[in-house]
Amino acid sequence: IITKILRPLNDVTQFAEKVAHGNFKETVEIHAEDEIGKLGKSFNDMTDGLKTMFYQVDETANQLSDISNDLSASIEENVQSIAQVVENIQMVTNETRDQVESAYIVQQSVEQMEKAISNITTNIHEVQTASNTAEQQTQQDQPWRMLWQV
């Protein structure tokens, strides 16, 4: 009688140790519907539940891995796009800087031309004034010339 009770109990104990070490492939053989048989069935049900749970965890891990890979690829694309935008902004900045420098050079050239035109205008006025003065003197000297010519 003791062997008849201990043997199924020993089988359940060995099964529990295998499950504890991760072996979910085996099942407890149930030979009776007594308390030990019910215990064996409970262990088999528990093992089936653990198998299902581990399968679901594995599936979820695979899905998370796929999502992670997709996100990594998307992030890499975004990083490349951002790098391209930054490069374009730097090019525009450099071109704008060049345009500002060119505008400054043009401004300096215009200022120099403005000074030159002002100098030319002043010189023209001086020549005009000198010419008017010379003409007036010439007209004043002409009556004396006429007298000398007579």
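Above this note sits the structure.
All of the points below concern the structure found in this document. Because the structure is a prediction, the values reported are computed rather than measured.

What follows covers the overall build of the protein. Counting secondary structure elements, the protein contains two helices and zero strands. Computed over its C-alpha atoms, the radius of gyration of the protein comes to 54 Å, more than 25% above the 15 Å expected for a compact globule of 150 residues. Based on the C-alpha atoms only, the size of the protein along its principal axes is roughly 180 × 15 × 15 Å. Burial statistics for the protein: of 150 residues in total, 7% are counted as buried. Surface summary for the protein: the accessible area is close to 13,000 Å², and the carbon and sulfur share equals 57%. Each charge class in the protein was averaged separately, 10 positive and 24 negative side chains, and the resulting centres sit 15 Å apart.

Time to look at the pattern of salt bridges. Evaluated as defined, the whole model comprises three salt bridges. Residue K41 pairs with D45 through a salt bridge whose shortest N-O separation is 3.2 Å. Taken together, the residues K41 and D45, both in helix α2 (residues 35-149) and four residues apart, mark about one turn of the helix. Classification of D45 as partly exposed rests on a relative accessible area of 41%.

Attention now moves to the packing of aromatic side chains. For the structure shown, the criterion picks out two aromatic pairs. Between the aromatic rings of F15 and F43, the centroid separation amounts to 6.1 Å while the plane-to-plane angle is 90°, which identifies the pairing as edge-to-face. Residue F15 is found in helix α1 (residues 2-20), and its partner F43 is found in helix α2; the two are separated by 28 residues along the sequence. For the ring pair F24 and F54, a centre distance of 5.1 Å and an interplane angle of 50° mean the geometry is tilted. Note that F24 is positioned in the loop between α1 and α2 and F54 in helix α2, a separation of 30 residues in sequence. Classification of F54 as partly exposed rests on a relative accessible area of 41%.

Calculation rules
- Residues numbered from 1 in each chain as written.
- Predicted model: local features only at pLDDT ≥ 70, side-chain atom pairs only at ≥ 80, totals over all residues.
- Heavy atoms only, no water.
- Helix = DSSP H or I, 4+ residues; strand = E, 2+ residues; numbered from the N terminus.
- Rg over C-alpha atoms; globule rule 2.2 N^0.38 Å.
- Buried < 20%, exposed > 50% of the residue type's maximum accessible area, 1.4 Å probe, protein only.
- Areas by Shrake-Rupley, 256 points an atom, 1.4 Å probe, with all protein chains shown as cover.
- Lys, Arg positive; Asp, Glu negative; His and termini not counted.
- Charge placed at Lys NZ, Arg CZ, Asp CG, Glu CD.
- Salt bridge = Lys/Arg side-chain N within 4 Å of Asp/Glu carboxyl O.
- Phe/Tyr/Trp six-rings, centres within 6.5 Å; stacked < 30°, edge-to-face > 60°.

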